[in-house]
Amino acid sequence: MSAAASCLPTEDQFLCSICLDVVTDPVTIPCGHNFCKTCITEHWDINVPYQCPNCKNVFNTRPELQVNTFISEMAAHSSEQQVSEPAEVPCDICTGTKLKALKSCLVCLVSYCEFHLEPHLTMSGLKRHQLIDPVENLEDRMCLKHDKLLELFCKTDQTCVCILCTVSDHKTHDVVPLKEGYEGKKANLDGEIHQMIQKRRLKIEEIKHSVELSKEDADRETADGVQVFTALKESVERSQAELINTIKEKQRKTEKQAEGFIKELEQEISELKKRSTEVEQLTQSEDHLHLLQSLLSLNAALPTTDWTDLNVRPLHEGTVRRALRQLEETLNEEMKKALKTELKRVQQSAVDVTLDPYTAHPNLNVTHHGKRVRHLDQRKNVPNNQERFNRSGYVLASQSFSSGRFYYEVSVRPDTDWTLGVARESINRKGNIFLSPLNGCWAICLRNGDEYKAFTEYTVQLSLKSDPEKVGVFVHYEQGLVSFYDVKAAALIYSFTGCCFTEELYPFFGPSDNETSTYLHITPV
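Here's what I pulled together on the structure shown here. (Residues numbered from 1 in each chain as written. Predicted model: local features only at pLDDT ≥ 70, side-chain atom pairs only at ≥ 80, totals over all residues. Heavy atoms only, no water.)

Considering the overall build of the protein chain
Which entries qualify depends on this criterion: Secondary structure elements are taken from DSSP: a helix is a run of H or I of four residues or more, a strand is a run of E of two residues or more, and numbering for both begins at the N terminus. To get the radius of gyration, use the C-alpha atoms; to get the globule rule, take the number of residues to the power 0.38 and multiply by 2.2 Å. The contact rule is simple, with two residues in contact once any of their heavy atoms fall within 4.5 Å. Here the accessible surface of atoms and residues is derived via Shrake-Rupley with a 1.4 Å probe, and residues count as covered only by protein chains that are part of the display. The charged-residue count follows a simple rule in which Lys and Arg add positive charge and Asp and Glu add negative charge, with His and chain termini not counted at all. Charge positions come from single atoms, namely NZ of Lys, CZ of Arg, CG of Asp or CD of Glu.
Across its full length, the protein chain carries eight helices and 24 strands. For 525 residues, the compact-globule formula gives about 24 Å, and the C-alpha radius of gyration of the protein chain, at 54 Å, lies well above that figure. Each principal axis of the C-alpha distribution contributes one length, and for the protein chain these read about 195 × 80 × 35 Å. Sequence-distant contacts in the protein chain: of pairs separated by 6 or more residues, those separated by 24 or more amount to 56%. Element-wise, carbon and sulfur atoms account for 52% of the exposed surface of the protein chain, whose accessible area totals about 33000 Å². The distance from the centre of the 60 positive side-chain charges to the centre of the 76 negative ones in the protein chain is 6 Å.

Below, the structure written as structure tokens:
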């Protein structure tokens, strides 16, 4: 060690040999040794003669204690450097009370406090050593195999190595200095973090855009709903007014008819009373011939109307039923208008769909630029690749969708059997397939010419008013919606709702396997 280093005050100079701690209120006795004022005072109060605890020098009289200002200041400074928290790195050179390390040397593999660091700051040989902020477990920086400092980075194996590793296990690897390795990793990490930030920012914009689209949908649905229900309300109010007026008019006709009958009956009663009076007067005569002739004449003049079967019946029966039937017809018309509007709206999400022959079952023939598919009697010689259906007669589209909305239309007539829908990317393509959302397929089908079904967890029979010639398929990925429309009738066939999509979705097709089957044809919207 150099002279400069040897002149440095050692830790022992700041320790009291009585309490073995850094001196407080340091004092010097005549022999030159230093103690805490309290420690030496208490020591001499007990021990007489007055002896130095270090050199055993005896004083005849109790020495006067002199304050050591230099040690006091240095001890105070040393006390400030003392370890105050368990998490701090201690000086490896200090004995007794460990002072807080200021730096660690990667060459010496030692941590130094401010005092013991001085040689590394002043000696030319030590000044070349690499100093870093204090760290613990410097031995972890040594190669376990060669006991050398880990000062290189192997980019091939992505690990830190020593100089001897480069001529043994990592001889042919891409090895760079730690600084270069750090800068490269930092640049890669910065780039990766930047990409992650950008992806999240894009996702935020995507979510915001989805919210905007949702708001537009909500506003449009609200406007359509208000329009439809306003029309229905007006129709109901109009039907109600017409119903009340019809009932009132029928009641007026009934009352007028009854008044006519009553008036006629009252006239006949008046006439009959008159005849009764005439008969009473005739009975006072004794001319029987005249009486008989008069009675015959009176009898011929009596009213001839037969009122026995006459009844005044209410005319209101069935009025409410007829009004409700008319209202139902109006409601059906509004439903048709609403469905036409809905179909026009989903058709705005039309996409260009083509069939992927690499997924087609060997008995399927994809033609016309990927727009048509039909079943063949003879199996084609095609590779049994991973994407191909090998037991079930299905084919997927080339296009896939993982967000947003999409719509396409397929001509299905005059086939008696077909299957249409969407399937997730991981749908099983080998062996027999049970179609259902649980197995990654949302589809409907026609069987035997008149049996329409939806493949839910349990097959649902569908009741259609007419046989669709063209089927439209609409998917809203985020909303979890798959809807099927009869395009010509502008009618909803079936909807899968509340679906949870987590994969790419592919349009899904299954033509009839009958000998007389025709093509399923993807048509322009």
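Observations regarding the sheet that holds strand 7 (residues 110-112)
As a reminder of what qualifies: Pairing between two strands is assigned when DSSP locates at least 2 bridges connecting them.
Strand order in this open sheet of three strands is 7-6-8, and the pairing throughout is antiparallel. Of all strands in the sheet, those bounded by a partner on one side alone are strand 7 and strand 8 (131-132). Pairing analysis gives three bridges linking strand 6 (residues 103-105) to strand 7, with the strands arranged antiparallel. Counterpart to Ser104 in the pairing with strand 7 is Ser111.

Some thoughts on a nonpolar patch on the surface
For the record, the criterion: Two joining distances apply to patches: 9 Å for like charges and 5 Å for nonpolar side chains (Val, Leu, Ile, Met, Phe, Trp, Tyr), and every residue must have over 30% relative accessible area and no salt bridge. Whenever a carboxyl oxygen of Asp or Glu lies within 4 Å of a side-chain nitrogen of Lys or Arg, that contact is scored as a salt bridge.
On the surface, Ile163, Leu164 and Val167 cluster together into a nonpolar patch covering about 250 Å² of accessible area. Relative to the elements of secondary structure, Val167 occurs in the loop between strand 10 (159-161) and strand 11 (175-177).

Digging into the side chain of Thr419
Inclusion rule: Accessible area is worked out with a 1.4 Å probe on protein chains only. A residue is then buried under 20% of its type maximum, exposed over 50%, and partly exposed in between. For this analysis, a polar contact is any N or O atom pair within 3.5 Å, provided that within protein one partner can donate a hydrogen and the other can accept it, and provided that sequence-adjacent residues contribute only side-chain to side-chain pairs.
Tracing the backbone through its elements, the reader meets Thr419 in strand 16 (residues 418-424). Thr419 gets classed as buried once you look at its relative accessible area, which sits at 2%. Within the structure, Thr419 has its side chain in polar contact with the side chain of Arg447 (distance 3.0 Å).

Quick word on the packing of aromatic side chains
Stated precisely, the cut-off is as follows: Aromatic contacts are taken between Phe, Tyr and Trp rings whose centres are within 6.5 Å, Trp giving its six-membered ring; a plane angle under 30 degrees counts as stacked, one over 60 as edge-to-face, and the others as tilted. Our definition puts a charge over a ring when NZ of Lys or CZ of Arg is within 6 Å of the ring centre and also within 35 degrees of the ring normal.
Enumeration over the complete set of coordinates arrives at 12 aromatic pairs. An angle of 50° between the planes, with centres 5.8 Å apart, marks the rings of Tyr408 and Phe509 as tilted. Remark: Phe509 occurs in strand 23 (residues 505-511) and Tyr408 occurs in strand 15 (residues 405-411); sequence separation between them is 101 residues. Under the relative-accessibility criterion, Tyr408 is labelled buried at 1%. Here the aromatic rings of Phe484 and Phe496 are separated by 6.2 Å at their centres, their planes lie at 70°, and the arrangement is edge-to-face. With Phe484 in strand 21 (residues 481-486) and Phe496 in strand 22 (residues 491-496), this residue pair connects regions lying 12 residues apart in the sequence. Per residue, the accessibility class of Phe484 equals that of Phe496, and both read buried. Members of the aromatic cluster, joined through ring pairs, are Trp44, Tyr50 and Phe59. The ring centre of Tyr519 lies 4.5 Å from the NZ or CZ of Arg372, which sits over that ring. Geometry around Tyr519 places Arg374 over its ring, the cationic atom sitting 5.6 Å from the centre.

Let's talk about the pairing of strand 22
By the bridge criterion, five bridges tie strand 21 to strand 22 in an arrangement that is antiparallel. Each bridged residue has a counterpart across the sheet, and for Val482 the counterpart in strand 22 is Phe496. The loop that links strand 21 with its antiparallel partner strand 22 comprises four residues; one of these, Ala490, has a positive phi angle of about 50°.

A closer look at the pattern of salt bridges
Under the defined criterion, the tally for this structure stands at 15 salt bridges. Where Lys488 meets Glu469, a salt bridge forms, and the shortest distance between an N and an O atom there is 3.9 Å. Note that Lys488 is positioned in the loop between strand 21 and strand 22 and Glu469 in the loop between strand 19 (459-462) and strand 20 (470-476), a separation of 19 residues in sequence. Residue class for Lys488 comes out exposed when judged on its relative accessible area of 68%. The partly exposed category is assigned to Glu469, whose relative accessible area is 40%. One salt-bridge network, held together by shared partners, links Asp217, Arg220 and Arg405.

Observations regarding the pairing of strand 16
When you tally the buried positions in strand 16, you get six out of seven residues, the bulk of the element. Across six bridges, the pairing between strand 16 and strand 17 (residues 441-447) is antiparallel. By the bridge assignment for strand 17, Leu420 is matched with Ile444. Summarising the sheet, strand 16 and strand 23 pair through seven bridges and their orientation is antiparallel. Its bridge partner lying in strand 23, Gly421 is registered against Phe508.

Description of the sheet that holds strand 18 (residues 451-455)
By definition, the strands of a sheet pair up through backbone hydrogen bonds, in either a parallel or an antiparallel sense. Strand order in the open sheet formed by six strands is 14-23-16-17-18-19, with antiparallel pairing between adjacent strands. Of all the strands in the sheet, the pair left with one neighbour each is strand 14 (395-396) and strand 19. When strand 14 meets strand 23, the two strands line up antiparallel, connected through two bridges. Counterpart to Leu396 in the pairing with strand 23 is Phe508.

Considering the nonpolar core
How we decide: For our purposes a nonpolar core is just a set of buried Ala, Val, Leu, Ile, Met, Phe, Trp, Tyr and Cys residues, chained together by side-chain atoms within 4.5 Å.
In this structure, Trp418 and Phe509 are the most contacted members of the largest nonpolar core, which totals 36 residues. If you look at the next biggest cluster of nonpolar residues, it comprises 13 residues, including Phe389, Tyr394, Ile427 and Cys441.

What about helix 7 (residues 288-300)?
Stated formally: Multiply 1.5 Å by the residue count of a helix minus one, and that product is the helix's expected span. Regarding the arc, it is the one traced by the directions from the helix axis to the C-beta atoms.
A rise of 1.5 Å per residue sets the reference length of helix 7, with its 13 residues, at 18 Å; its end C-alpha atoms lie 18 Å apart and thus fit the reference within 8%. Taken residue by residue, helix 7 has Leu291, Ser294 and Leu298 as its buried positions. Buried residues of helix 7 fall within an arc of 70° about the axis and therefore sit on the same side. Turned more than 90 degrees off the buried face of helix 7, the exposed positions are Leu289, Leu296, Asn299 and Ala300. Structurally, helix 7 contributes buried residues whose contacts are with helix 6 (178-282).

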